[in-house]
Amino acid sequence: MADIPLIRNFDAGAAFAFRNGRPIRVEEFLGEVRRLADLLPDRRYVVNLCADRYQFAVGLCAALLRRQVNLLPPNATPDLLKRLSFEYPGLYCLSDGTVHPLEMFLYREPAEGGTATASVPCIPAEQIATIGFTSGSTGRPTPHPKSWGALAKSGLAELDRLGVGAHRNMSVLGTVPQQHMYGLEFTVLMVMQGGLAMHAGRPFFPSDICAELQALPRPRGLVTTPVHLRVLLAEAGELPGVDFLLCATAPLSPQLAIEAEARFAAPLHEIYGCTEAGQVAARRPAQDQEWRTLPGVSLHADEKGTWAKGGHVEKEVLLADVIELRGRDTFLLHGRTADLVNIAGKRTSLAHLNFHLNSIEGVRDGAFLMPEEDDGSVTRLTAFVVAPGLTSETIMAALRRRVDAAFLPRPLCFVGSLPRNETGKLPRIALDELVTRLAVKAG
């Protein structure tokens with residue numbers, strides 16, 4: 001297999017990143033990658049936990065030059081990192097400040113006016129670049145290695161299907177962590193392969209997101225999640241214009257997509273994917289319910305479910321979702337296989353119920369939970385909702401117009417916030433802990 005450039009589509013002197021208000025030229029980035037590669041310890045595996053997105057990218061590329069594999073765990077808890085150290089001998093942590101239980105290599109910034117180079121290194125396409133891990137919400141996190149060839153193809157696929165190539169030198173701000181597959185693909189790989197410029201930070205509060213976006217040159221894009229987007233639309237006043245909007249990690253309602261497109265004055269795209277396969281398909285939810293697979297990716301179904309293969313998906317992957325194929329490259333998504341609910345002979349999915357709950361005007365966030373009885377059956381559903389100013393009666397009345405009465409939540413619990421992780425997902429263990437806390441409080 002051929003070697004693939006570390007980065008491509010950059011003009012000489014172009015900005016690779018914006019960090020602390022300063023543009024970092026592509027030549028500076030390449031020089032910093034080579035400098036760090038010479039300093040890294042001689043090991044096989046590294047956990048790159050740099051919080052700064054630019055320094056994460058430098059670390060990712062430096063490890064590639066040293067033929068080291070970047071591990072991307074779903075979290076950085078001491079227990080998980082310790083377990084990984086047993087499974088991957090010699091594992092060390094690359095960090096830009098936070099102390100971790102593993103042997104740590106601290107990323108130190110170069111002296112002012114550090115080295116620069118215009119030569120772009122090439123990496124063997126078959127070289128294993130990363131090992132991503134599933135969230136572990138249904139058990140132990142499972143590893144999924146990906147070659148540099150697959151990651152580079154993934155970055156290029158985004159440019160084609162989402163029309164990013166039309167926005168040359170676009171700057172990209174992400175509210176998602178770069179250690180997550182979604183964040184890696186769209187705030188790091190898309191930048192590296194598309195000749196774009198990354199924003200090095202990860203602003204959290206709506207005012208900070210707006211200020212950082214406003215400071216970036218046009219064209220500019222925002223990569224975020226539905227939960228972040230919902231808060232941004234609810235709490236921010238006037239929003240800065242952008243040229244590209246992208247969401248993933250949870251279903252996005254058409255209402256939210258339409259509002260986002262109007263407020264940001266830009267089309268909003270949504271990505272469907274998973275750790276095992278990476279990105280699989282895209283759609284524009286303000287206009288279409290159907291998903292369309294990315295270039296080279298095809299789907300087929302059998303008695304086990306729906307499989308994805310081709311393009312940047314190196315090995316055939318069984319998708320953990322209920323998918324209705326509508327054509328050679330189009331489909332409808334009906335929710336996770338594990339989230340199917342059967343009550344009184346009627347079936348639906350938690351994703352379908354969550355969609356309708358979050359579509360109610362005034363609901364800022366909400367989620368259904370499927371508690372299991374001792375015999376494994378489900379007789380009722382619980383729902384948690386963040387909806388200041390709404391009453392239980394108002395929400396229940398709205399749900400009755402949207403879903404079958406068998407799936408109405410009993411009880412409906414009002415909370416100040418839901419225990420979402422960095423990517424906006426709701427781990428099952430976090431919801432179970434919330435149930436326990438509410439039960440203790442009620443008692």
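Q: Just checking my understanding: could you explain the overall build of the chain for this structure?
A: Helices and strands together make up the secondary structure of the chain, namely eleven helices and 27 strands. For the chain, whose C-alpha radius of gyration is 22 Å, the value lies close to the compact-globule estimate of 22 Å for 443 residues. In terms of principal-axis extent, the alpha carbons of the chain reach across some 65 × 50 × 50 Å. Residues counted as buried form 52% of the 443 residues belonging to the chain. Long-range pairs, those at least 24 residues apart, make up 62% of the contacts in the chain with a sequence separation of at least 6. A total accessible area of about 19800 Å² is found for the chain, and carbon and sulfur atoms account for 51% of it. A gap of 1 Å separates the mean positions of the 46 positive and 48 negative side-chain charges of the chain.

Q: I'm lost on the nonpolar core in this one. Help?
A: Nonpolar side chains in soluble globular proteins tend to be buried together. Ranked by size, the top nonpolar core spans 60 residues in total, and within it L6, I7, F16, F29, Y54, W148 and M192 carry the most contacts. Of all elements in the fold, only β2 (15-19), α1 (26-39), α2 (53-65), β6 (92-95), α4 (148-161), α5 (181-194) and β14 (244-247) reach the threshold of two or more residues within this core. In this structure W148 touches I4, P5, L6, L64, I123, P124, A125, Q127, A129, L189, M192 and Q193, once residues within four positions along its chain are discounted. Counting 23 residues, the second-largest nonpolar core is a separate cluster that includes L216, L229, L252 and A260.

Q: I keep staring at unusual backbone geometry and nothing clicks. Help me out?
A: Most peptide bonds take the trans form, and the phi angle of most residues other than glycine is negative. Here the bond from R218 into P219 is cis, since omega is -5°, no more than 30 degrees from zero. By the element assignment, P219 lies in the loop between α6 (206-215) and β13 (220-224). Omega for the peptide link from R410 to P411 comes to 15°, which places this bond in the cis form. Relative to the elements of secondary structure, P411 occurs in strand β27 (residues 409-414). One non-glycine residue, N169, adopts positive backbone phi at about 65°. Within the secondary structure, N169 sits in the loop between α4 and β11 (171-174).

Q: What is the right way to read the pattern of salt bridges from this model?
A: A side chain with one charge may pair with a side chain of the opposite charge, provided their charged atoms come close. Across all of its chains, the model carries 17 salt bridges by this definition. Here E103 and R43 are joined by a salt bridge, their closest N and O atoms 2.9 Å apart. Taken together, the positions of E103 in the loop between β6 and β7 (104-106) and R43 in the loop between α1 and β4 (45-48) put the pair 60 residues apart, joining distant regions of the chain. Relative accessible area serves as the criterion here: at 44%, E103 is assigned to the partly exposed category.

Q: I keep staring at the packing of α6 against helix α7 (residues 226-235) and nothing clicks. Help me out?
A: In a pair of packed helices, the angle between the axes and the distance between the axes together describe the arrangement. Where α6 meets α7, the axes come as close as 9 Å, and the angle between the chain directions of the two elements is 90°. Taken together, the axes of α6 and α7 are roughly perpendicular relative to one another. Counting all contacts with α6, which are made through P206, I209 and C210, the residues of α7 involved are V231, L232 and E235.

Q: Just checking my understanding: could you explain helix α10 (residues 392-400) for this structure?
A: Side chains of residues three or four places apart in an α-helix project in the same direction, reflecting 3.6 residues per turn. What α10 keeps buried is the set I395, M396, A398 and L399. For α10, the angular spread of the buried residues around the axis is 160°, confining them to a single face. Looking at α10, the residues exposed on the side facing more than 90 degrees away from the buried face are E393 and R400.

Q: Can you help me understand the sheet that holds strand β9 (residues 128-133) in this one?
A: The strands making up a sheet associate through backbone hydrogen bonding, with each pair oriented either parallel or antiparallel. Read across the sheet, six strands follow the order β7-β6-β4-β5-β9-β10 without closing on themselves; strand pairing throughout is mixed. In this open sheet, the two edge strands, each paired with only one partner strand, are β7 and β10 (143-147). Strand-to-strand, the axes of this sheet are offset by a mean angle of 30°, without reference to chain direction. The pairing of β4 with β6 spans three bridges and is classified as parallel. Across the sheet, the residue bridging to V46 is Y92, located in β6.

Q: What is the right way to read the sheet that holds strand β18 (residues 298-302) from this model?
A: In space, the three strands of this open sheet follow the order β18-β19-β20, with antiparallel pairing throughout. Looking at strand neighbours, the two that pair on one side only are β18 and β20 (313-318), the edges of this open sheet. Shown here is a sheet whose adjacent strand axes are inclined to one another by a mean of 15°, direction ignored. Both β18 and strand β19 (residues 305-310) contribute to a ladder of five bridges, which runs antiparallel. Note that in β19 the partner of D302 across the bridge is G305.

Q: What exactly am I supposed to notice about the packing of aromatic side chains here?
A: Any pair of aromatic rings gets described here by the distance separating the centres and the angle formed by the planes. All told, the structure shown has eleven aromatic pairs when counted by the stated rule. Here the aromatic residues F10, F16, F29 and Y54 are joined through ring pairs into a cluster of three or more. Here R44 stacks its cationic end above the ring of Y45, 5.7 Å away from the centre of that ring.

Q: Any chance you could explain the environment of G362 here in plain terms?
A: Tracing the chain through its elements places G362 in the loop between α9 (350-358) and β25 (365-369). Residue contacts for G362: discarding those within four places in its chain leaves V386, A387 and L390.

Q: Help me understand the pairing of β25 in this model?
A: A regular strand carries its side chains on alternate faces of the sheet. Among the five residues in β25, five count as buried, and that is most of the element. The alternating pattern of β25 places D365, A367 and L369 and G366 and F368 on opposite faces, both of which are buried. With five bridges joining them, β25 and strand β26 (residues 381-386) adopt antiparallel strand pairing. The residue bridging L369 from the neighbouring strand is T382, located in β26.

Q: Honestly, the side chain of Q55 in this entry has me stumped. Any pointers?
A: By the secondary structure assignment, Q55 is in helix α2. Filtering out sequence-adjacent residues up to four positions away, Q55 remains in contact with R19, C50, D96, Y107 and E109.

Q: Got a minute to help me understand α4 in this structure?
A: The terminal C-alpha atoms of α4, which comprises 14 residues, lie 20 Å apart, in line with the 20 Å expected from a rise of 1.5 Å per residue. Summarising burial for α4: ten of the 14 residues are buried, a large majority. Phi turns positive one or two residues past the end of α4, at G163, with a value near 70°.

Each value, and the rule that gives it
Residues numbered from 1 in each chain as written. Predicted model: local features only at pLDDT ≥ 70, side-chain atom pairs only at ≥ 80, totals over all residues. Heavy atoms only, no water. Helix = DSSP H or I, 4+ residues; strand = E, 2+ residues; numbered from the N terminus. Rg over C-alpha atoms; globule rule 2.2 N^0.38 Å. Buried < 20%, exposed > 50% of the residue type's maximum accessible area, 1.4 Å probe, protein only. Contact = heavy atoms within 4.5 Å. Areas by Shrake-Rupley, 256 points an atom, 1.4 Å probe, with all protein chains shown as cover. Lys, Arg positive; Asp, Glu negative; His and termini not counted. Charge placed at Lys NZ, Arg CZ, Asp CG, Glu CD. Core = buried A, V, L, I, M, F, W, Y, C linked by side-chain atoms within 4.5 Å. Salt bridge = Lys/Arg side-chain N within 4 Å of Asp/Glu carboxyl O. Axes fitted to C-alpha atoms, helices over the stretch in contact; angles between N-to-C directions. Parallel < 35°, antiparallel > 145°, perpendicular 65-115°, else oblique. Arc of directions from axis to C-beta. Pairing = 2+ DSSP bridges. Phe/Tyr/Trp six-rings, centres within 6.5 Å; stacked < 30°, edge-to-face > 60°. Lys NZ or Arg CZ within 6 Å of the ring centre and 35° of its normal. Expected span 1.5 Å × (residues − 1).

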